[in-house]
Amino acid sequence: MVKSIGFAVLDSERSDECIDFTMLCVFSFFLCLCTRERVEIMLQF
């Protein structure tokens, strides 16, 4: 019982870090897309 609780705590900490990393990747990906579209729009004008 105690071991399972310990693993659950470790897993939750890892998943939080994983979620933070995933959010960071998604944010940077959207940032790249937005900047690329802006550059294309500027080039059109």
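Residues numbered from 1 in each chain as written. Predicted model: local features only at pLDDT ≥ 70, side-chain atom pairs only at ≥ 80, totals over all residues. Heavy atoms only, no water.

(A) Broad picture of the overall build of the protein chain. Counting its secondary structure elements, the protein chain contains one helix and zero strands. Counting over 45 residues, the protein chain shows a buried share of 0%. In the structure as shown, the protein chain presents an accessible area of about 4600 Å², 72% of it carried by carbon and sulfur atoms. (Helix = DSSP H or I, 4+ residues; strand = E, 2+ residues; numbered from the N terminus. Buried < 20%, exposed > 50% of the residue type's maximum accessible area, 1.4 Å probe, protein only. Areas by Shrake-Rupley, 256 points an atom, 1.4 Å probe, with all protein chains shown as cover.)

(B) Representation of the packing of aromatic side chains within the structure. Scanning the model with the defined rule gives one aromatic pair in all. Taking 6.1 Å as the distance between ring centres and 65° as the angle between the ring planes, the aromatic pair formed by F29 and F30 counts as edge-to-face. (Phe/Tyr/Trp six-rings, centres within 6.5 Å; stacked < 30°, edge-to-face > 60°.)

This is a description of form; function is not addressed.
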